[in-house]
Amino acid sequence: MSTDALLLRNLPNFSLEATRRVVATGYGIEGTYRQLASERDLSWRIEGTDGRDVVVKISNASEPEGVVDMQVKALNHIFERDPALPVPRVVPSLADAPYEWIEDEHGSRHMIRVLTFLSGEVMERVEEAFSARTRFNIGAMVGRLAFALRDFFHPYAGSNVHLWDISRALTLRPQIVKIGDARLRQLCEEIFDRAERFTLPQLLKTRRQVVHQDAHGGNILVDPRDSTSPVGIIDFGDMGFNSIVADIVTASETFSKFDDDPIAYLCDVTSGFDSTYPLEENEIDLIFDAMLLRLAMATVIVEAREATDESGIRHIEDASHYPRMMELLSRQGRAQAVRRLRQACRFPVYDATSGGEPLATDYDVLRHEREAHLGSIWHFYKEPLHIARARGAWMYAADGTAYLDVYNNVPQIGHCHPHVVKAIYRQASALNTNTRYMCDVAIEYAARLTADLPGHLDTCIFVNSGSEANDLAMQIAMSLSRHDGGLIVDQAYHGCTDLTTALSNESWRHLPADQHPKWIETLMAPDMYRGPFANDSQAAAKYAADADRAIAALRERGHRPAAFMVDTALCSSGVLRAPENYFNLVAEKVRSAGAFVIADEVQAGCGRMGTFWGFRANGLKDNNIDFITMGKPVGNGHPLGVVILSSELMKRFLNGTYPLLFSTFGGNTVACAAGMAVLDVIEREDLIKRSAATGDYLRKELGHLAEQHAIIGDIRGRGMMTGVELVTDRLTKEPAVTQTDRLVEDMLARNILIGKATPKTLKLRPPLIWSRDEVDTFISAFDGSLRSQQ
C-alpha cells in the first residue's frame, strides 16, 4: 500500500445500529455504546447489560487478515508469559473464534473482534501524569511488554505496513514538502538524511522482535487515584517486527507543553524500560537518534494529512508537541543526550562508538575535578589518560582512541572478558554475601584453586586484594613464629597497607638509613645481568648467602625473621631471572632461622609465567613454601585476594591470637564467582600453553630488535612477563634512564601502553589472550619508537 493511501484514514462505514446488530448476533453482547478515537479502525466501548465491559473493533477494509490474527495471538501469548501485565484479553465470538468477518452495506468485508475493556484514565489527558515517576513506571511496563513478546513470532510480523513504522521512515520523505514552515521542513530533511546514513542502518544491529510500537500517552492508561501508576496498554494495531528501541521512543513522545527538557523524558522512560528489559550499549546510544526520527515522522504525518485529508477530522487533536519536542531535542544535541541516557541507566559514559558527534569530556575540567575530589593521585604518564572502556587486549580513551595494553597485569584474561562479566552479573543477581554463611561457590572455588597444590597447602582465606593477602599472611607468620622481623628482596613491592609498605622497600629505599624500618632486612637482588655474580657459575649460592647476612643483621637489631616474602618473578626488581635453585637455597636458610616462606603470587601467579603457579616456573619447590598469596589477576580485576596455607597452620592461628578472623567482603559470593570464571577461561581457552608460546615469540622478536638497537641491553622473562633493560652502552651497561622515560611516552603516542619495573627496565605484562597479531603490532611500534630515539 502506498504512503498516500495510508495517509487517507478511510474509516469503516458502519452505523451504530449496524454495529449493535452485528455484535449482538455474533457475540451475544448488548449494552450502552460509546465511540472511541481510532486512526483507521472503528472502535466502540460497550458497557454490557450482562456486566461485561468490552471494546469492539471493526477493522479497515484494507487491513490484511494476518495483521489481526497476529494481534489476537500476541495478546494470548502475553497472557501466557506475564498474566499480570495489564493488556486487553481476547473475547471469543459465540462461534468461539477470535475474530469474525462481516460486510458493510456496500459489500466491503471487514474483520470484527471484541476485547476486554481496561479501566483507567488516558495518560496524555491527565496533567498530573506528566511526572518523572510516571514516565519511569510507563517505561517499566513497556519493557515488561517487550520482554513478554521477545519469543513471540507470527508470519505477518514484518508485513504490518503503516505510517508509524520507524524502519520504513524513508517512505515518508516525499511528504516533507507538505510542511508549511520552512525552518521545520529543513530540520525534518536533516533528520531524514541522517536516518538514511546512520540511524536506520544502526537500528538493524539492535535486538529486533515483535514490538507494540504505539505505547504513547494516548494508549497508556493510568490509575485515576494515582497518576504515577500505569494500569493498562491498549491498541495493538501498529504491532510489528522492529527494534525494541521503537517502543522506548514511542513511550517517550508524550511531551508536556510546560516542559522544555525532552532528554529528561527520554531518560525517565528509558531507565524504566531498562529496569525490566535490560538494554545493550548499542541500543542506549541510538535512543536520541531514534527519538528525533520518530518526532520527524510524526510531524510529517500530521502535516501531510492536513494537506491531504479534506474531511477536517483530525486523528490527533493537538500535535504541536511533536515539532516543539523535536526542535528542543535537536538543540540539546546528541552528546548531552547520550551522556545523560547512559548515566540514567548506569552505563559507563564515554565517546559513543556507534557514530555521531563525540562525547569527550573537557580534559582540563575533568582533571581539575579529579584532583579536587580524589587529590593529586599518581598516574602513569606525564598527562593522565582518560580511559573510558576496554575489551580484550585494548583500552579506549574517552575520545575513542584505542590503546594496546602491554602493561596492566590485572585483567589476566583480557579486559571485560564476557564469561567473567556474565558470572559476576549472574551471581550478583542471585546472592552477594560473606563467608559466615554456607555458600557453594566459595567452597568450590577454594577446592578448585588448591587442587594441584601439595597437601600442606589446602586451605584458603579470602580477602579483597593482594595487599590484604600479604598483610594477613605476614600477620599469621608473626603470630605463629613469635618473631617480628621480615625478609624481602631489594626493590620489592608487596602492597600498600602499613605492614606491606614496610615489606616494600621500593617505597622507602631512597630514604636515609635511619628512616628504614628496623624490623625489615633486604636481600641483594639475584641480578644475572648486572649483579656482582652475573657471570658466576656459583651465582645461586653466592646470592643466597646474602640471606645469612640479612638474618644476622636483623638479629643485631633485636629482631628475628617471621617470614621471607618473595615475588619469584622479581617483577618490581626489574623482572629478574634468578639463577637456578636460588629461591630454594634462600628458603632453606630462612626456614632454618624459624621463619616461614610466603610466595607472593599476585604478579607471578594465575598463568602469568607459563605455568599456573609462578613459583614453580621460577624454581621454588612446593615443600619450601608455607603460604601463597594471590590478588589482582585472580578475579580479572574484580576485588579478590587469597591466602593459601595449611589447615594445620590455620587451626593454630585461629586457636591463638585471632579466633575471629573475618573479612566482610573477603570471599563474597560474587568475588568467588569471578575467580571461578577466570579458571574456566584459562582452562577452556588453553591460555597457559598459548600464552607461554606467545611470550616466547615476543622475546624472540625483541631479540631481533636488539640486533638493530644497541639500547636494548637485556631481555628476560617467562610466559607473559617480560623485562627489557635499556642501556646507553652495552659494554659498561650504563642505565638508559632518560631514554626509558622517553620511550614510555613515545609508545603512548603510538597507542601502546607500557610501564617500568625500574627506572631502566621496561615491564611488559600483556593479558594471556594475546596472539602473534598483538605481538607484531607491539614490535612494529617499539621498533619505530626506538628508531625515533636514535
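The coordinates are above.
Quick caveat: nothing in here was measured; it's all calculated off a predicted structure.

Undergrad: Can you walk me through the sheet that holds strand β10 (residues 226–233) in this structure?
TA: In a beta sheet, neighbouring strands are held together by backbone hydrogen bonds and run either parallel or antiparallel to one another. Spatial strand order, β7-β9-β10: three strands in an open sheet with antiparallel pairing. Edge strands, defined here as strands with exactly one partner in the open sheet, are β7 (121–122) and β10. The pairing of β7 with strand β9 (residues 220–223) spans two bridges and is antiparallel. In the strand pairing of β9, E121 is matched with V222.

Undergrad: Help me understand the packing of helix α7 (residues 262–276) against helix α10 (residues 321–332) in this model?
TA: Contact geometry of α7 with α10 gives a least axis separation of 8 Å together with a crossing angle of 90°. What the angle tells us is that α7 and α10 run roughly perpendicular. Judged by residue contacts, P262, I263, Y265 and L266 of α7 engage M325, L328, L329 and Q332 from α10. Its residues assigned to classes, the contact of α7 with α10 shows seven nonpolar, one polar and no charged.

Undergrad: How should I be thinking about unusual backbone geometry in this particular structure?
TA: Outside of glycine, negative phi angles account for most residues, and trans bonds account for most peptide bonds. Although it is not a glycine, C416 sits at a positive phi angle of roughly 50°. Residue position: C416 is located in the loop between β14 (402–405) and α13 (418–430). Residue classification places C416 among the partly exposed positions, given a relative accessible area of 39%. Positive phi is not limited to glycine here, since C606 has a value of about 60°. Note that C606 resides in the loop between β19 (596–600) and α20 (614–617). Under the relative-accessibility criterion, C606 is labelled buried at 2%.

Undergrad: How should I be thinking about the pattern of salt bridges in this particular structure?
TA: Opposite charge on two side chains lets them pair, provided their charged atoms get close. Applying the stated rule across the entire model yields 40 salt bridges. Here E521 makes a salt bridge to R557, at a shortest N to O gap of 2.7 Å. Here the residue E521 occupies a position in strand β17 (residues 520–523), and R557 occupies one in the loop between α18 (546–556) and β18 (561–566), the gap between them amounting to 36 residues. You can call R557 partly exposed: its relative accessible area is 34%. Ionic pairing is found between K589 and D548, a salt bridge with its closest N-O pair at 3.1 Å. Of this pair, K589 sits in helix α19 (residues 582–592) while D548 sits in helix α18, placing them 41 residues apart in sequence.

Undergrad: Looking at this structure, how should I read the sheet that holds strand β13 (residues 394–397)?
TA: What the four strands build is an open sheet, ordered β12-β13-β14-β25; its pairing is mixed. One side of each edge strand has no neighbouring strand; the edge strands of this open sheet are β12 (387–391) and β25 (752–753).

Undergrad: Would you mind going over the nonpolar core with me for this structure?
TA: In summary, soluble globular proteins display a tendency toward joint burial of nonpolar side chains. Ranked by size, the top nonpolar core spans 98 residues in total, and within it L449, Y582, M630, I644, F778 and F782 carry the most contacts. In terms of residue count, the dominant contributor to this core is helix α22 (residues 669–684) (ten residues). In contact with Y582, not counting residues within four places along its chain, are V489, L523, M524, P526, A540, Y543 and A544. Among the nonpolar cores identified, the runner-up in size contains 87 residues, and L200, I220, A251 and L293 belong to it.

So, how was this worked out
Residues numbered from 1 in each chain as written. Predicted model: local features only at pLDDT ≥ 70, side-chain atom pairs only at ≥ 80, totals over all residues. Heavy atoms only, no water. Pairing = 2+ DSSP bridges. Helix = DSSP H or I, 4+ residues; strand = E, 2+ residues; numbered from the N terminus. Axes fitted to C-alpha atoms, helices over the stretch in contact; angles between N-to-C directions. Parallel < 35°, antiparallel > 145°, perpendicular 65-115°, else oblique. Contact = heavy atoms within 4.5 Å. Nonpolar A, V, L, I, M, F, W, Y, C, P; charged D, E, K, R; others polar. Buried < 20%, exposed > 50% of the residue type's maximum accessible area, 1.4 Å probe, protein only. Salt bridge = Lys/Arg side-chain N within 4 Å of Asp/Glu carboxyl O. Core = buried A, V, L, I, M, F, W, Y, C linked by side-chain atoms within 4.5 Å.

All we've got here are geometric facts, nothing functional implied.
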